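# Per-entry structural report
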Amino acid sequence: MDVSDLRVFEAVSRHGSMNRAAQELHTVQSNVTARIRALEEELGVSLFQRHARGVSTTPAGQRILPFVGRITKLLADARTAAKDDGEPGGTLSIGSLETTTALRLSPLLGQFAKTYPQVRLVVTTGTTRRLIDDVVSCRVEGAFVAGPVNHPDLDHEVIFQEELALVTSPAIRGMEDLVGIVDLKTIVFQIGCSYRQRLETLLAEMGIVTSKPLEFGSLDTIISCVSAGVGITLLPRGVVAAAAREGRVAIHALPPERSLVDTLFVRRSDAYTTSAMTALLDMLGSTRTA
């Protein structure tokens, strides 16, 4: 079994398309198709189900997919370890919630980049569910996510604690006003966002029925829609503090058992810890104890 064939398999599985995988891998579709066919013949199972829209990973393909990420990461770790002389360098890929990036990471990552200019820092954003999957699948080396997290393959540590607040338009003076709103809408990130799940639980406990959530991928868009009275959301207080001071939104406090949430940094427990990652963890430790 050739590692390069496994990389082709992972790309096809992720894209659901031989053609898009070929574009990512800078090759032609016929080469991708041939590599997949050879891998299927070697394993003696079908890895993809072909259909008009592309391909879908079969149950057999789903079972071997986690090993592909681990094998690829293990080889990458071996190459990195051979070159890692203790001086932070190379590429460090991490993920983060968009709210954490906006509220917490700018000064921290700016300081890191200034202190370690030889490190190429790559930051991607997403929901907690997606970021955990990215770490488990070795697409990023670590990620800032909302707790709690309980995964057998991950180590985690608390870095920040956020206070969540219900955010509405200024026209809503208190949470009790929500009960009388017909067709109340929530404005949230995509499924997998822990803040979204907490908002749904909170409203359900209040006996409030909501319409289908409006999903957006941008924090600024969510705040703008709430300000315009389109719906309500749940976000860290610090993220919306400026908008509240400007009178664009209203912030409604929640009881501590509903408002406090830990932001964790998660990474694979079996991953090689590079000098760049060690430097980042040291800086995070200083931030946590400051």
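Counting restarts for each chain, with residues numbered from 1 along the sequence as it is written. Only residues with pLDDT of at least 70 are given local features in this predicted model, and only at 80 or more are side-chain atom pairs given and counted; all residues enter the totals for whole chains, interfaces and linings. The basis for every side-chain value is the complete set of heavy atoms in the structure, and neither hydrogens nor water enter the calculation.

As named in an unreviewed UniProt entry, the chain is DNA-binding transcriptional LysR family regulator, taken from Rhizobium miluonense.

### Side note on the nonpolar core
Note on soluble globular proteins: their nonpolar side chains tend to be buried together. Remark: nonpolar core denotes a set of buried residues (Ala, Val, Leu, Ile, Met, Phe, Trp, Tyr, Cys) joined through side-chain atoms within 4.5 Å. Working definition: with a 1.4 Å probe on protein chains only, accessible area under 20% of the residue-type maximum means buried, over 50% means exposed, and in between means partly exposed. Ranked by size, the top nonpolar core spans 42 residues in total, and within it Val145, Leu178, Ile223, Leu235 and Val266 carry the most contacts. Only DSSP runs of H or I covering at least 4 residues are called helices, and only runs of E covering at least 2 are called strands; the numbering of each starts at the N terminus. Ranked by the residues each element gives to this core, the list is headed by helix H8 (residues 219–227), at 5 residues. Not counting residues within four places of it along the chain, the set of residues in contact with Val266 comprises Val135, Glu141, Gly142, Ala143, Val145, Val149, Leu154, Asp155 and His156. In this structure, Leu105, Leu109, Phe160 and Ala276 belong to the second largest nonpolar core, which totals 18 residues. Contact between two residues is taken to exist if any of their heavy atoms lie within 4.5 Å; hydrogens are not considered.

### Some points on the side chain of Thr274
In this fold, Thr274 is placed in the loop between strand E11 (260–268) and helix H11 (275–289). By the criterion applied in these results, polar contacts are pairs of N or O atoms within 3.5 Å in which, for protein atoms, one can donate a hydrogen and the other can accept it, and in which residues neighboring in sequence qualify only through two side-chain atoms. A polar atom in the side chain of Thr274 sits 3.0 Å from the backbone nitrogen of Met277. Sequence-distant contacts of Thr274, that is, excluding residues within four places in its chain, are made with Thr80, Asp84 and Glu141.

### Focus: the UniProt feature "domain: HTH lysR-type" (unreviewed entry) in the chain
The sites that carry the UniProt feature "domain: HTH lysR-type" (unreviewed entry) are, in the present numbering, residues 1–58. As annotated, residues 1–58 has a helix share of 60% and a strand share of 14%, and its two end C-alpha atoms lie 19 Å apart. UniProt positions are given in the numbering used here, feature names are shortened, and annotations may be inferred rather than shown by experiment.

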